[in-house]
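Structural overview
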Amino acid sequence: MNDIISHPKVKHAQELLRADHDRMVEEIVTLTEIPAPPFMEEEKAKAYAEMLREAGLEDVQIDGIGNAHGIYRGSGNGAMVAVAAHLDTVFPEGTDVTVRREGTKLFAPGVGDDTRALAVNLSIIRAMKAAGITPQNDILFVGNVGEEGVGDLRGIRYLFNENPLGPQIGSFFTVDGLETPELVDRGVGSYRYRVTFEGPGGHSFGDFGIVNPANALAEFAAGFARIEVPEEPKTTLNLSILGGGTSINAIPEKVYVDIDMRSVDPQALDALDAQMRALVEGALALENGRNDTSKGEITARFDVLGNRPAGRTAPEEAIHRASAEAVRAFGFEPAFRVSSTDANIPMSLGVPAICIGSGGTGGRAHTLDEWIDTEPELSLRGIYAVMAAILAMAGLQD
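Predicted, not measured: the structure shown is a model, and the values here were computed from it. (Residues numbered from 1 in each chain as written. Predicted model: local features only at pLDDT ≥ 70, side-chain atom pairs only at ≥ 80, totals over all residues. Heavy atoms only, no water.)

**What about the overall build of the protein?**
Helix and strand counts for the protein stand at 11 helices and 19 strands. Taken along the three principal axes of its C-alpha coordinates, the protein extends 85 × 45 × 35 Å. Put simply, of all contacts in the protein between residues at least 6 apart along the chain, 81% involve residues at least 24 apart. About 16400 Å² of surface is accessible on the protein, with carbon and sulfur atoms providing 50% of the total. Charge centroids of the protein, computed over 34 positive and 58 negative side chains, lie 2 Å from each other. (Helix = DSSP H or I, 4+ residues; strand = E, 2+ residues; numbered from the N terminus. Contact = heavy atoms within 4.5 Å. Areas by Shrake-Rupley, 256 points an atom, 1.4 Å probe, with all protein chains shown as cover. Lys, Arg positive; Asp, Glu negative; His and termini not counted. Charge placed at Lys NZ, Arg CZ, Asp CG, Glu CD.)

As structure tokens, this is what we get:
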């Protein structure tokens with residue numbers, strides 16, 4: 001790491017990042033004000049692809065799922081390093097994404113999660129190009145779709161499983177979040193379902209005694225709430241949204257519940273999934289066994305709302321050490337943590353991956369009051385750390 005950050009070209013790139021900082025802030029504003037609700041990232045992807053071209057990347061394209069990406073050519077001595085930031089936000093269509101400024105602070109939905117990172121990566125590309133840095137490995141810069149919520153990591157899932165570049169990637173950074181010291185090396189896996197209970201339905205008085213899907217749902221929900229999960233590995237479960245029925249005086253034909261189950265351990269998550277399914281079967285058997293099924297039985301259907309694989313990047317992996325050293329080199333104390341990010345996908349596939357913050361500070365992410373502070377000194381230290389981590393993995397060609 002000392003060799004990297006003391007290299008004359010890297011020092012020059014840092015000077016260029018400082019000179020480029022105001023432009024980077026303007027690009028945060030420009031990109032934030034292009035709406036990118038889940039599954040509606042196309043306009044931002046087109047704009048970002050053009051910015052990648054202007055920054056000097058080769059083979060810029062928008063792939064089959066909507067990711068915008070381009071290649072920073074190295075000397076070709078090794079596996080490709082991928083550096084991603086996500087295009088989508090959590091906010092629905094119609095949200096006002098106009099940026100408001102107060103000094104160095106920017107306020108707008110999505111300004112920090114993850115639009116700042118998109119702009120930071122552009123600035124790093126320009127600085128490395130202008131400083132004449134040639135990495136040993138090619139670097140793939142990606143603005144990806146589908147990180148948030150029901151997007152279910154579809155952009156990075158596609159990159160690794162269907163994009164022809166996927167097999168070439170040997171290490172992966174997602175630049176997400178702000179705080180530079182916080183590095184994610186463990187991916188929280190999640191299974192999300194809508195469980196729908198269906199039956200014949202009928203009149204609450206005239207058909208009283210027939211099977212009722214709401215009874216089965218209630219039986220399931222009570223059992224689900226009583227499941228004991230391990231503290232370590234951390235495993236959680238949640239009943240979130242319930243719905244169905246048509247009238248207070250009708251036995252419903254259909255009711256549903258949305259559930260979220262998470263764990264840092266794939267085996268623990270699978271065990272919880274098996275318990276959940278057994279509870280559904282038990283609830284069906286109980287309701288169908290105690291009430292009238294002459295007009296039909298209660299059945300259940302599972303609709304997958306999300307499936308994020310768990311994963312881990314071991315401390316002995318080069319990207320783990322490089323990220324920690326890069327953060328420490330610019331005055332931060334690295335703190336590794338668990339989260340659910342685009343890095344889940346490569347981690348689950350055995351590709352070493354880390355989530356690193358884009359720098360600066362902010363707050364109120366995922367709310368309409370989201371904000372970031374682009375005060376240059378803290379902002380730049382974070383950007384320098386991101387660039388150093390990337391170059392530690394890509395290598396420097398003298």
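**Overview of the pattern of salt bridges**
Applying the stated criterion across every chain yields a total of 24 salt bridges. With a closest N to O distance of 3.1 Å, Asp273 and Arg277 form a salt bridge. Taken as a pair, Asp273 and Arg277 lie in helix H8 (residues 266–290) at a separation of four residues, close to a single helical turn. For Asp273, a relative accessible area of 11% corresponds to the buried category. Exposure remark for Arg277: the relative accessible area of 32% places this residue in the partly exposed category. The residue Arg290 makes a salt bridge to Glu287 at a minimum N-O spacing of 3.1 Å. Pair noted here: Arg290 and Glu287 are both in helix H8, with a separation of three residues, about one helical turn. (Salt bridge = Lys/Arg side-chain N within 4 Å of Asp/Glu carboxyl O. Buried < 20%, exposed > 50% of the residue type's maximum accessible area, 1.4 Å probe, protein only.)

**Some thoughts on the nonpolar core**
Of all hydrophobic cores here, the largest spans 70 residues; its most connected members are Tyr48, Met128, Ile133, Phe141 and Phe173. The dominant element in this core, judged by the number of residues it contributes, is helix H11 (residues 376–394), at 12 residues. Once you skip the residues sitting within four places of it in the chain, Ile133 turns out to touch Lys9, Val10, Ala13, Tyr72, Met128, Leu391 and Leu396. (Core = buried A, V, L, I, M, F, W, Y, C linked by side-chain atoms within 4.5 Å.)

**Focus: the sheet that holds strand S13 (residues 254–263)**
Ordered by their spatial adjacency, four strands build an open sheet running S11-S13-S9-S14, and the pairing between neighbours is antiparallel. Either end of the sheet is taken by a strand with one partner, and the two such strands are strand S11 (235–244) and strand S14 (299–308). The average angle at which neighbouring strand axes cross in this sheet is 15°, direction not considered. Here strand S9 (residues 189–198) pairs with S13 via 10 bridges, running antiparallel. From the neighbouring strand, Glu198 faces S13, where its bridge partner is Lys254. On top of the sheet, helix H7 (residues 213–225) reaches S9, S11 and S13; it is set at about 15° to S13, its chief contact. Across the sheet, H8 is in contact with S9, S11, S13 and S14; its angle to S9 comes to roughly 5°. (Pairing = 2+ DSSP bridges. Axes fitted to C-alpha atoms, helices over the stretch in contact; angles between N-to-C directions.)

**Quick word on unusual backbone geometry**
Each neighbour pair has its own omega, and for Asp113 with Asp114 the value is 15°, a cis peptide bond. Following the sequence through the fold, Asp114 ends up in helix H5 (residues 111–130). Note that the residue after Glu232, namely Pro233, is joined by a cis bond; omega there is 0°. Inspection of the secondary structure assignment puts Pro233 in the loop between H7 and S11.

**Topic: the pairing of strand S17 (residues 353–356)**
On S17, burial covers both faces: Ala353 and Cys355 on one face and Ile354 and Ile356 on the other are all buried. As paired elements, strand S7 (residues 169–175) and S17 share four bridges and run parallel to each other. From the neighbouring strand, Val175 faces S17, where its bridge partner is Ile356.

**Quick word on the pairing of S13**
Side-chain positions along a regular strand alternate between the two faces of the sheet. Counting buried positions along S13 yields seven of 10 residues, so the element is predominantly enclosed. Two elements, S11 and S13, share eight bridges in a ladder whose sense is antiparallel. The residue bridging Leu242 from the neighbouring strand is Val257, located in S13.

**Details of the packing of aromatic side chains**
With the rule as written, the count across this model stands at five aromatic pairs. Both rings, one in Tyr193 and one in Phe302, keep their centres 5.9 Å apart while their planes meet at 75°; by these two values the pair is edge-to-face. Of this pair, Tyr193 sits in strand S9 while Phe302 sits in strand S14; the two residues are 109 residues apart in sequence, bridging distant segments of the chain. Given the relative accessible area of 6%, Tyr193 is considered buried. With centroids separated by 6.2 Å and ring planes inclined at 45°, the aromatic side chains of Phe197 and Phe220 adopt a geometry described as tilted. Taken as a pair, Phe197 in strand S9 and Phe220 in helix H7 lie far apart in primary sequence, 23 residues in all. A network of ring pairs unites the aromatic residues Phe197, Phe220 and Phe224 as a single cluster. (Phe/Tyr/Trp six-rings, centres within 6.5 Å; stacked < 30°, edge-to-face > 60°.)

**What about the sheet that holds strand S19 (residues 371–373)?**
With respect to topology, four strands assemble into an open sheet ordered S4-S5-S19-S18, the strand pairing being antiparallel. With one partner strand each, in any of the chains shown, strand S4 (100–102) and strand S18 (361–363) form the two edges of the open sheet. Pairwise comparison of adjacent strand axes, ignoring direction, gives a mean angle of 20° for this sheet.

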